[in-house]
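The primary structure of each chain is shown beneath.
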Amino acid sequence: MSKILIIAEHDGSILNSSTAKTVACAATIEGAEIDIAVLASTAGPVAAQAAELESVTRVLILERPENEQAIAAILAPQIAALAGGYSHIFGPSTTFGKDLMPHVAALLSVNQVSDIMAVESSHTFKRPIYAGSAVATVEAPGDSVVVGTVRIASYGAANGGNSAAIESADVSADLPSHTRILEVQSGVSDRPDLQTAAKVVAGGRALGSEEGFDLIYRLADKLAAGVGASRAAVDAGYVPNEMQIGQTGKIIAPDLYIAIGISGAIQHITGIKDAGTIVAINKDEEAPIFEIADIGLVSDLFNTLPELIEAL
Amino acid sequence: MQKILVGLKRVVDYNVRVRVKSDGSGVETDGVKMSINPFDEIALEEALRIKESGQAAEVIVISVGTGDAQQQLRTGLAMGADRAILVESEGSVGSLGIARIFKSIIDRDSIDLVLLGKQAIDDDNSQTGQMLAAIWGRPQATFASQVEWNGDKAKVTREVDAGLEITEVDLPAVVTVDLRLNEPRYVKLPDIMKAKKKPLETIAMADLGVDPGPEIKELSFEPPAERERGVMVDDVAGLVAALKDKGLA
Ligand SMILES: Cc1cc2nc3c(=O)[nH]c(=O)nc-3n(C[C@H](O)[C@H](O)[C@H](O)COP(=O)(O)OP(=O)(O)OC[C@H]3O[C@@H](n4cnc5c(N)ncnc54)[C@H](O)[C@@H]3O)c2cc1C
């Protein structure tokens, strides 16, 4: 039997949907018994949301003032202290989990399985490598704990409706004070979140400027879609970094993805491969994005978008 | 700050279209262009800028792998690193083993700052920096897109899913860098000549006495599921019709 501990990602009040997707992955391991750990300064609201997730047995609360912010060097020793008795410790492959989980793995003296996209057995997993150009099947040693991150675009969120037990966990761990978060700058937007939106519209270098990108926002608003961008558009300063999609940005899996003025570099494609329908608008009929698009339109976006926004 | 250690991984160049071998035993690397992992190049550039601003005395580049990795270390020396260390190992070493190797060099050479790429573009693991910080018991600041170095502290702007997080760490620390931190310099021919005279130390992995820990085995490789090329529409009306057809508009 596999005893799996999942580290909840949250902002202090809301459980991030990445956690429900991590649970969905863990639940595909045969005979999985799943606990979720909520590390927070006040864990109540988040723990209540975690307890609703299907397949979860217990929610363990680790409350300390130091857990107010997610600092890997503070959270990891507590997780390592809680690890005894678990066969697996999973987190989401978001920047939260990518930062934290390898730190946990090293404290437990094991390597980590990053970006799990499929479970073959309790210790065998599939994961993408080379920006998704290949899929590797890897096997973690059977005699040590498996620490892994879950590629959340590969999983739908676990259902709600459960009422798992919520318990306090007592662990003793020495916590360092060498790392301090001074500030978090988040673009406030009332558009759907890029990582969970059912529809996403994304723009590339071709938009030419921050003002040019306005066309993308207007189309997104018509479709009630989230907004993303290629690296080139972020590098050029048209949009902030949290909108980057791809190997080194966000991996998304919306029902509809519309790429506008994006060439379709492998590093970008790896972030959208799991989309339901991919639409591409590009003035170059040879653009690689058309090789994977379900619907393609060769045209100049500056002519097409106003017309499309009008037509929808 | 006296000494900065920078990891340079030899990887398949990012412009190469990587293909899985037909027998599924790995990806094709024969005759393929190899380069420094792009993130590591950015880490090295940052280290060189710190040194050039008078805030560090020595930049040391390190790679773990076969003798071929000397090429990437020489490129690092040509960019401006002062000396290089090759830890020679025939088999592949997991992130934990790499972190333990780096830690043994940190102890041996009294390193004050470690700059690494946030991930390697071959295995896409994104682990080594965080593991090193854990083993070293020092701060980690991952995914850095901007860093201010102030004596015994660093203020690091991190690219996270929510936006930007500004974190202050005490030094020594491990910082892993993101693409927007800087643009690495080009290597000039005279620098390549000069780099040939710079010290490159080779250490056998076995001589370091580092236990790489339990390795994750790679059983097989396969190409990813392909997406089919779809339909082309002629105009906006065609696009709207196709979207409506799928219930997407
Ligand atoms: C290590 C590494 C990691 C990377 N990670 C990422 C990542 O996470 N995400 C990412 O996106 N990229 C990433 N990249 C960069 C990637 O390789 C490409 O450079 C980038 O995706 C290109 O962005 P783009 O398509 O917007 O720009 P371009 O490639 O310049 O494409 C612009 C496109 O717009 C079209 N166009 C121009 N004008 C018009 C017009 N008026 N109307 C319609 N179409 C027009 C052109 O035909 C062209 O196809 C990474 C690169 C490296 C080396």
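Cut-offs applied
- Residues numbered from 1 in each chain as written.
- Chains lettered and ligands numbered in written order.
- Predicted model: local features only at pLDDT ≥ 70, side-chain atom pairs only at ≥ 80, totals over all residues.
- Heavy atoms only, no water.
- Domains from an automatic or database assignment.
- Contact = heavy atoms within 4.5 Å.
- Buried area = accessible area lost by both parts, 1.4 Å probe.
- Salt bridge = Lys/Arg side-chain N within 4 Å of Asp/Glu carboxyl O.
- Nonpolar A, V, L, I, M, F, W, Y, C, P; charged D, E, K, R; others polar.
- Helix = DSSP H or I, 4+ residues; strand = E, 2+ residues; numbered from the N terminus.
- Buried < 20%, exposed > 50% of the residue type's maximum accessible area, 1.4 Å probe, protein only.
- Phe/Tyr/Trp six-rings, centres within 6.5 Å; stacked < 30°, edge-to-face > 60°.
- Lys NZ or Arg CZ within 6 Å of the ring centre and 35° of its normal.
- Near = heavy atom within 4 Å.
- Polar contact = N/O pair within 3.5 Å; in protein donor to acceptor, adjacent residues only side chain to side chain.
- Pairing = 2+ DSSP bridges.
- Axes fitted to C-alpha atoms, helices over the stretch in contact; angles between N-to-C directions.

Enquirer: Whenever I open this one, the domain arrangement of chain A confuses me. Can you help?
Expert: The extent of an interface is frequently quoted as the accessible surface area lost upon association of the parts. Residues and elements named next belong to chain A. Per the domain assignment, the segments making up chain A are domain 1 (2-168) and domain 2 (199-311). Domain 1 and domain 2 are separated by 31 Å when their C-alpha centres are compared. Residue-level contacts link 5 residues of domain 1 with 8 residues of domain 2. Interface area, domain 1 with domain 2, both sides summed: about 590 Å², of which 45% is carbon and sulfur. Contact with domain 2 buries area across many residues of domain 1, yet Ala 131, Arg 151 and Ala 153 alone supply 74% of it, more than any other trio. The interface formed by domain 1 and domain 2 holds 1 salt bridge in total. Residues Asp 274 and Arg 151 are paired through a salt bridge, measuring 2.7 Å at the closest nitrogen-oxygen approach. Here the residues of the side of domain 1 that touches domain 2 sort into 2 nonpolar, 2 polar and 1 charged.

Enquirer: Please explain the environment of A:Pro102 as it appears in this structure.
Expert: Relative to the helices and strands, A:Pro102 is located in helix H4 (residues 95-107). With a relative accessible area of 0%, A:Pro102 lands in the buried category. Between the C-alpha atoms of A:Pro102 and A:Gly148, which are 46 residues apart in sequence, the distance is 8.3 Å. With near-sequence residues (within four places) excluded, A:Pro102 lies in contact with A:Gly97, A:Gln112, B:Ser126, B:Gln127, B:Gln130 and B:Met131.

Enquirer: Looking at this structure, how should I read the interface of chain B and chain A?
Expert: Facing 77 residues of chain B, the contacting portion of chain A comprises 84 residues. Buried surface at the junction of chain B and chain A, both sides included, amounts to about 6,900 Å², of which 54% is carbon and sulfur. Together, B:Asp161, B:Ile216 and B:Arg227 form the three largest contributors to the area buried by chain B at its contact with chain A, with a combined 12%. Linking chain B with chain A are 8 salt bridges, by the criterion used here. A salt bridge links B:Arg158 to A:Asp99, with the nearest nitrogen and oxygen atoms 3.5 Å apart.

Enquirer: Just checking my understanding: could you explain the packing of aromatic side chains for this structure?
Expert: Between two aromatic rings, the relevant description is the distance of the centres plus the angle of the planes. All names here are of chain A. For the structure on display, the rule yields 2 aromatic pairs over all chains. Centre to centre, the rings of Phe 90 and Phe 125 are 6.3 Å apart; their planes meet at 75°, and the pair counts as edge-to-face. Here Phe 125 lies in strand S7 (residues 124-129) and Phe 90 lies in strand S4 (residues 88-92), a separation of 35 residues in the sequence. Classification of Phe 125 as buried rests on a relative accessible area of 0%. The interplanar angle of 65° and the centroid separation of 5.7 Å between the aromatic rings of Phe 213 and Tyr 217 together place this pair among those described as edge-to-face. Judged by its relative accessible area of 0%, Phe 213 is buried. Positioned over the ring face of Tyr 86 is Lys 3, at 5.0 Å from the centre of the ring.

Enquirer: Just checking my understanding: could you explain the site of the ligand for this structure?
Expert: Around the ligand there are 30 residues in total, and A:Arg205, A:Ser230, A:Ile245, A:Ser263 and A:Asn282 lie nearest to it. At the ligand, the nearby residues belong to more than one chain, namely chains A and B. A distance of 3.2 Å separates an oxygen atom of the ligand from a polar backbone atom of A:Gln247. Contact between the ligand and A:Asp300: a nitrogen atom at 3.1 Å from a side-chain N or O atom of the residue. Looking at the shell around the ligand, the elements that each hand over two or more residues are helix H6 (231-235), helix H7 (266-269) and helix H9 (301-311) of chain A together with helix H1 (38-52) of chain B.

Enquirer: Where do I start with the sheet that holds strand S8 (residues 153-160) of chain B in this structure?
Expert: Across the sheet, 10 strands lie side by side as S11(A)-S9(B)-S8(B)-S7(B)-S10(B)-S6(B)-S1(B)-S4(B)-S5(B)-S11(B); this open sheet has mixed pairing. The sheet is open, and its two borders are formed by strand S11 (179-185) of chain A together with strand S11 (200-204) of chain B, each paired with just one other strand. Direction aside, neighbouring strands of the sheet carry axes that sit 30° apart on average. Relative to strand S5 (residues 83-88) of chain B, helix H2 (residues 70-79) of chain B is tilted by about 165°, and along the sheet it contacts strand S4 (58-65), S5 and S11 of chain B.

Enquirer: Honestly, the pairing of strand S15 (residues 277-282) of chain A in this entry has me stumped. Any pointers?
Expert: Each regular strand displays side chains that alternate between the two surfaces of the sheet. Residue and element names in this part refer to chain A. Counting buried positions over the 6 residues of S15 gives 6, a clear majority of the element. Taking every second residue as pointing to the same face, both faces of S15 are buried, with Thr 277, Val 279 and Ile 281 on one and Ile 278, Ala 280 and Asn 282 on the other. Here S15 pairs with strand S16 (residues 295-298) via 4 bridges, running parallel. Bridged to Ala 280 within S16 is Gly 296.

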